[in-house]
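# Report on the structure
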Amino acid sequence: MSREEVFERLNGVFRDVFDDDSIEVNDRTTADDIEDWDSLEHINLMAAVESEFGVKFSMGQVVTMKNVGEMVDIILQKV
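What counts and how
Residues numbered from 1 in each chain as written. Predicted model: local features only at pLDDT ≥ 70, side-chain atom pairs only at ≥ 80, totals over all residues. Heavy atoms only, no water. Phe/Tyr/Trp six-rings, centres within 6.5 Å; stacked < 30°, edge-to-face > 60°. Helix = DSSP H or I, 4+ residues; strand = E, 2+ residues; numbered from the N terminus. Buried < 20%, exposed > 50% of the residue type's maximum accessible area, 1.4 Å probe, protein only.

Under an unreviewed UniProt entry, the chain has the name Acyl carrier protein and belongs to Candidatus Eisenbergiella merdigallinarum.

Attention now goes to the packing of aromatic side chains. Summed over the entire model, instances satisfying the criterion amount to three aromatic pairs. Measuring from ring centre to ring centre gives 5.9 Å for Phe-14 and Phe-18, while their planes differ by 35 degrees; the resulting arrangement is tilted. Here Phe-14 pairs with Phe-18, and both are found in helix α1 (residues 3-18), just four residues apart, close to one helical turn. Accessibility expressed as a relative area gives 7% for Phe-18, which makes it buried. Assessed through its relative accessible area of 0%, Phe-14 is described here as buried. Here a set of aromatic residues connected by ring pairs shows up, and it is made of Phe-14, Phe-18 and Trp-37.

As structure tokens, then:
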């Protein structure tokens with residue numbers, strides 16, 4: 001799976017979780033860039049990403065991800 005394919009699928013997950021079809025994530029996207037991305041939505045987002053890609057994040061990975069680019073890196077290591 002390519003990095004571009006991961007981003008394409010992640011855009012769909014983010015749009016579903018945050019109910020916003022205008023979201024377009026990139027390597028530098030953080031919670032500060034998406035209005036409703038708070039700690040509760042972060043849990044929902046992680047569960048949706050895990051489901052979409054068939055992966056499981058460790059608690060350490062969840063709390064240390066600084067941006068979507070790091071999320072993509074972890075996904076690519078796991079798939």
